[in-house]
Amino acid sequence: MPCRFGRGLGMAPRVWIGLLLGLLMAAALFPCSVVEAAGKGGIPALWVFGDSTVDTGNQNYITSLVKSNYPPYGKDFVPPGPTGRFCNGKVANDFLADYLEIPRPVNFLAPEAKGSRILTGVNFASSGSGYLDITGALFGVLNLTRQLDNFGKIKKDMIDQIGDAATEKILTTSLYLISTGSNDYVNSYNLNPILQGRFTQPQYEQLLLSTIETNLKTLHGYGARRVYINSLSPIGCVPEQLNLYNVKDGACIEKVNGPLRSFNNGLQGLLGKLRQELPDYDLNYINVYDTLYGAITTPEKYGFKYGNMACCGEGSYNGQPCISPLSTVCANADEYVFWDLFHPTQKTYGMLTDNIISGTGLAVYPKNVQTLLATLQEGN
Ligand SMILES: *[C@@H]1O[C@H](CO)[C@@H](O)[C@H](O)[C@H]1NC(C)=O
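Residues numbered from 1 in each chain as written. Predicted model: local features only at pLDDT ≥ 70, side-chain atom pairs only at ≥ 80, totals over all residues. Heavy atoms only, no water.

Chemist: Hey, could you run me through the pairing of strand β5 (residues 226-230) in this one?
Modeler: For a regular strand, side chains alternate in direction, first toward one face of the sheet and then toward the other. Counting buried residues along β5, 5 of its 5 residues qualify, which places the element largely inside the surrounding structure. The alternating pattern of β5 places Arg-226, Tyr-228 and Asn-230 on one face and Val-227 and Ile-229 on the opposite face, and all of these are buried. Here β5 pairs with strand β6 (residues 282-286) via 5 bridges, running parallel. Residue pairing for β6: Asn-230 is matched across the bridge by Ile-286. (Buried < 20%, exposed > 50% of the residue type's maximum accessible area, 1.4 Å probe, protein only. Helix = DSSP H or I, 4+ residues; strand = E, 2+ residues; numbered from the N terminus. Pairing = 2+ DSSP bridges.)

The following block contains the structure:
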């Protein structure tokens, strides 16, 4: 049972002393503190940054070429219908918020993103964006610098509402999810001879990593302490790439995947370095790459029927955009790892979120969410 005493206790001194004592006794009996309404482990909020893998509809509010606000997107959502998610249903941050028993983060650009609704977390993500601000610039996205600036605006708003101390408390005890980076490769560097001329592959990787270092420090400066950050996915295996490179046998494209694995190694190194530099910064690496690679190449082991063929799309592997009514749409998206040319199905996101929550070994390093919650219960 989550604690839900809420902030109403601020009025306690004005009520009958017996009631106050009763409340204090109740508070002592329940294993969580009487501060703010919060979810599991007292985690009050989830803050989300990144691209279409975590965008839950910000893109609906901006003029952009990258959109998913039309059927059949959202066909398995509750209630059914397009939401701006690039998925048939829920994405990882939805699953994570549901697990934590907190409201799903409100979209920064949505009219509801104000008042007390922002205190339980905001989603700043923007489809088509990347770690670099130039990625997706032509599509009209909220780049990552802008996403962090918007977080700063939200923080100011929180301080106005509840003051410095309460804001600090929320921001330091919240979870942060960052999921981006694929677009920096497949929709930018890999297609752009000018960028390739300016940066070798290792130089480009360094550029991304130094950008991430700066952004993670900015986030720490705002108060973030518990961060989960996705590795890059094996994009060399997605329907769009198999179709683009005219792959006949369904095999993943190693020349695409190689640099992504190299980046992932670099990211783990960077997080290790930052953990030493900032010992109070709980930075967790989510190994999306290996889990997704496993599901794509051996779907039956993961409870899927189709690994590299999208549920909705056109052409080989359904590797062209999912646009109704031109595209074919499968009957049961749960049989597919991929919903459209780039993006996982709800079932795949559920599996990836299980990894964040309870993944063992190197699936999420150093700490899955259950381990974090266990340390919180010990009073750390
Ligand atoms: C990133 O977004 C900000 C705010 O919209 C904009 O001023 C800046 O030019 C963008 N950066 C790039 C490289 O497009």
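Having seen the model, we can carry on.
Chemist: How do you make sense of the site of the ligand when you look at a structure like this?
Modeler: Taken together, the residues surrounding the ligand are Asp-133, Ile-134, Ala-137, Asn-143 and Arg-146. One of the side-chain N or O atoms of Asn-143 is found 2.3 Å from an oxygen atom in the ligand. Protein chains bury 45% of the 360 Å² of accessible surface belonging to the ligand in isolation. Across the shell around the ligand, the residue classes break down as 2 nonpolar, 1 polar and 2 charged. (Near = heavy atom within 4 Å. Polar contact = N/O pair within 3.5 Å; in protein donor to acceptor, adjacent residues only side chain to side chain. Areas by Shrake-Rupley, 256 points an atom, 1.4 Å probe, with all protein chains shown as cover. Nonpolar A, V, L, I, M, F, W, Y, C, P; charged D, E, K, R; others polar.)

Chemist: Help me understand the side chain of Ser-68, please; the structure alone is not making it clear to me.
Modeler: By secondary structure assignment, the location of Ser-68 is in the loop between β1 (46-50) and α2 (92-100). Residue contacts for Ser-68: discarding those within four places in its chain leaves Tyr-73, Pro-82, Gly-84, Arg-85 and Phe-86. (Contact = heavy atoms within 4.5 Å.)

Chemist: For this particular structure, what's the right way to read the state of the cysteines?
Modeler: Simply put, the disulfide is a covalent bond whose two ends are the sulfur atoms of two cysteines. For the coordinates displayed, the defined rule picks out 3 disulfides. The disulfide that involves Cys-237 links it to Cys-252, with 2.2 Å between the sulfurs. Since a negative S-S torsion denotes a left-handed disulfide, the Cys-237-Cys-252 link at about 110 degrees is right-handed. Here Cys-252 lies in the loop between α8 (239-244) and α9 (254-277) and Cys-237 lies in the loop between β5 and α8, a separation of 15 residues in the sequence. Exposure remark for Cys-252: the relative accessible area of 21% places this residue in the partly exposed category. What pairs with Cys-311 in a disulfide is Cys-330, and their sulfur atoms sit 2.0 Å apart. Handedness here is read from the sign of the S-S torsion; for Cys-311 and Cys-330, about -95 degrees, the answer is left-handed. Within this pair, whereas Cys-311 is found in the loop between α10 (288-297) and β7 (312-313), its partner Cys-330 is found in the loop between β8 (328-329) and α11 (346-358), the two being separated by 19 residues in sequence. (Disulfide = S-S within 2.5 Å.)

Chemist: For this particular structure, what's the right way to read the pattern of salt bridges?
Modeler: Taken as a whole and assessed by the stated rule, the structure comprises 14 salt bridges. Here Arg-104 ties to Asp-98 by a salt bridge, and the two come within 2.8 Å at their closest N and O atoms. By relative accessible area, Arg-104 is classed as partly exposed at 27%. Note on Asp-98: relative accessible area 32%, which makes it partly exposed. (Salt bridge = Lys/Arg side-chain N within 4 Å of Asp/Glu carboxyl O.)

Chemist: What's the story with the packing of aromatic side chains in this structure? I'm lost.
Modeler: Any two aromatic rings considered together are summarised by their centre-to-centre distance and by the angle between their planes. Counted under the stated rule, the structure contains 17 aromatic pairs. Seen from their ring centres, Trp-47 and Phe-151 are 5.3 Å apart, and the 55 degrees between their planes marks the pair as tilted. A residue pair is termed long-range when its members are at least 10 positions apart, and Trp-47 in strand β1 and Phe-151 in helix α3 (residues 144-162) qualify at 104 residues. Each of the two residues, Trp-47 as well as Phe-151, counts as buried. Between Phe-49 and Phe-151, the aromatic rings sit 5.6 Å apart at their centres with planes inclined by 85 degrees, giving edge-to-face as the arrangement. Linking Phe-49 in strand β1 with Phe-151 in helix α3, this pair joins segments that are 102 residues apart in sequence. The burial state of Phe-49 is the same as that of Phe-151; both residues are buried. For Lys-90, the ring lying beneath its charged end belongs to Phe-95, and the centroid distance is 4.3 Å. (Phe/Tyr/Trp six-rings, centres within 6.5 Å; stacked < 30°, edge-to-face > 60°. Lys NZ or Arg CZ within 6 Å of the ring centre and 35° of its normal.)

Chemist: In this structure, what is going on with the confidence of the model for the protein chain? I would like to understand it.
Modeler: Caution applies to low-pLDDT parts of the model: their predicted coordinates are not meant to be read in detail. With 89% of its residues at a pLDDT of 70 or more, the protein chain has an overall mean of 91. Ignoring residues within four places in sequence, the model shows residues 1-35, a span with pLDDT below 50, making 22 contacts including any to other chains. (pLDDT = per-residue confidence, 0-100.)

Chemist: Any chance you could explain the environment of Lys-248 here in plain terms?
Modeler: Within the secondary structure layout, Lys-248 lies in the loop between α8 and α9. Accessibility expressed as a relative area gives 69% for Lys-248, which makes it exposed. The sequence separation of Lys-248 and Tyr-317 amounts to 69 residues, and the corresponding C-alpha distance is 10.0 Å.

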